[in-house]
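Okay, here's what each chain looks like letter by letter:
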Amino acid sequence: MSTLVLDNGAYFAKIGYSHEKVSVIPNCQFRSKTSRLKTFTANQLDEIKDPSGLFYILPFQKGFLVNWDVQRKVWDHLFGKEMFKVDFTDTNIVITEPYFNFSSIQESMNEILFEEYQFQSALRINAGSLSAHRYFHENNSELCCIVVDSGFSSTHIVPHCRGRKMKEGIYLFINLFTEYLSFVFSPICYPWEGGKLLAENPDFEEMVVTREDYEENGHYVCEEKFDV
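Residues numbered from 1 in each chain as written. Predicted model: local features only at pLDDT ≥ 70, side-chain atom pairs only at ≥ 80, totals over all residues. Heavy atoms only, no water.

Short version of the rule: UniProt positions are given in the numbering used here, feature names are shortened, and annotations may be inferred rather than shown by experiment.
As annotated in an unreviewed UniProt entry, the chain carries the name Actin-related protein 6 and comes from Sinocyclocheilus rhinocerous. Regarding the chain, the UniProt comment filed under Sequence similarities (unreviewed entry) reads as follows: "Belongs to the actin family. ARP6 subfamily."

Put into structure tokens, the structure is as follows:
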């Protein structure tokens, strides 16, 4: 059975099967300012010669997934025949969510993944946890403290924000940890790489919620298993 790993970021979706390479695709829709009936989704933006005449619609606001209509259309495109050609009867999904995610958002995601798309099993996990999983996999012999900033804004929207975050991280941890302090300097695909490693973990089947589990126990079993 295949496993699709989706780091569902507020600006970009990092997506790919666990046995393949990752693709970085805009997680939004674009509409023409002059003709709002014309809509472009995700990487369809590449077809547009002059994007200046467009405005974009994001599924996320303040870090949380709130516009499910847009998100469904992006996922329809990503999962569909133009992109990853997902066979839902033979596919699991690993998908990210933010820390302190609202229960109502989690419940909606569970319903959509299991009831609408009918993935065979799902694992919801925080992007920061996946970044750490990726890092420790490479450095499993070292006792260390890792500061992971896997957000999009610090590397693309606000260039100077990253340096400030690094200094704050150093000041915060320097007196607590003397062994090792590390920053991930190219973080955009780190959570996806962590999800890929997780999908290959021998205990992966014990971490997920299957569609059968969900149909029998509903949202409760997801909250009990994922504990995010």
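1. Some remarks on the packing of aromatic side chains
Here is the rule: By convention, a stacked pair of Phe, Tyr or Trp rings (six-membered ring in the case of Trp) has centres within 6.5 Å and planes under 30 degrees apart, an edge-to-face pair has planes over 60 apart, and any other such pair is tilted. Elements are defined by DSSP. Helices are runs of H or I of four residues or more, strands are runs of E of two residues or more, and each kind is numbered from the N terminus.
Scanning the entire structure with this criterion turns up 13 aromatic pairs. Arranged with centres 5.0 Å apart and planes meeting at 90 degrees, the rings of F79 and Y117 form a pair that is edge-to-face. Of this pair, F79 sits in helix α1 (residues 68–79) while Y117 sits in the loop between α2 (103–116) and β10 (121–126); the two residues are 38 residues apart in sequence, bridging distant segments of the chain. Through pairs of rings, three or more aromatic residues link up here, namely W68, W75, F79, F88, Y117 and F119.

2. Thoughts on the sheet that holds strand β4 (residues 29–32)
Let me state the cut-off plainly: Paired strands, in this sense, are two strands between which DSSP finds at least two bridges. An axis is simply a line fitted to the C-alpha atoms; with a helix, the fit covers only the stretch in contact. Between two such axes, the angle follows the N-to-C directions and lies from 0 to 180 degrees.
The strand order β5-β4-β6 describes an open sheet built from three strands, whose pairing is antiparallel. Looking along the sheet, the strands with just one partner apiece sit at the ends: β5 (39–41) and β6 (54–57). Strand-to-strand twist across the sheet, computed as the mean angle between neighbouring axes with direction ignored, equals 25 degrees. Relative to β5, β4 is paired through three bridges, and the arrangement is antiparallel.

3. Some details on helix α9 (residues 219–226)
Formally: Buried, partly exposed and exposed residues are distinguished by accessible area as a fraction of the type maximum, computed with a 1.4 Å probe on protein chains only: under 20%, between the cut-offs, and over 50%, respectively. Comment: arc refers to directions from the helix axis out to C-beta atoms. Note on contacts: a residue pair qualifies if any of its non-hydrogen atoms lie within 4.5 Å across the two residues.
Residues of α9 that are buried: H219, V221, C222 and F226. End-on view of α9: buried residues confined to an arc of 160 degrees, all on one side of the axis. Across α9 from its buried face, at more than 90 degrees, point the exposed residues Y220 and E224. Contact partners of the buried residues in α9: α2, β10, α7 (204–207), β13 (209–210) and α8 (211–217).

4. Examining the nonpolar core
Spelled out, the test is: In this description, a nonpolar core means a group of buried Ala, Val, Leu, Ile, Met, Phe, Trp, Tyr and Cys residues linked to one another through side-chain atoms lying within 4.5 Å.
W75, L78 and F79 are the most contacted members of the largest nonpolar core, which totals 44 residues. The biggest single contributor to this core is α1, with six residues. Not counting chain neighbours up to four residues away, the residues in contact with F79 comprise L4, L6, I15, F84, K85, V86, F88, I93, Y117 and F119. Among the nonpolar cores identified, the runner-up in size contains six residues, and C28, F40, I48 and L58 belong to it.

5. Quick notes on α1
Worth spelling out the cut-off: For a helix, the expected span equals 1.5 Å multiplied by the number of residues minus one. Whenever a nitrogen or oxygen atom comes within 3.5 Å of another N or O atom, the pair is scored as a polar contact, on the condition that within protein one atom can donate a hydrogen and the other can accept it, and that pairs from neighbouring residues in sequence are kept only if both atoms are in side chains.
Compared with the 16 Å implied by 1.5 Å per residue over 12 residues, the 16 Å span of α1 between its first and last C-alpha is a close match. Where α1 is concerned, the buried positions are W68, V70, Q71, V74, W75, H77, L78 and F79. The N-terminus of α1 is capped by N67, whose side-chain oxygen sits 3.3 Å from the backbone nitrogen of D69.

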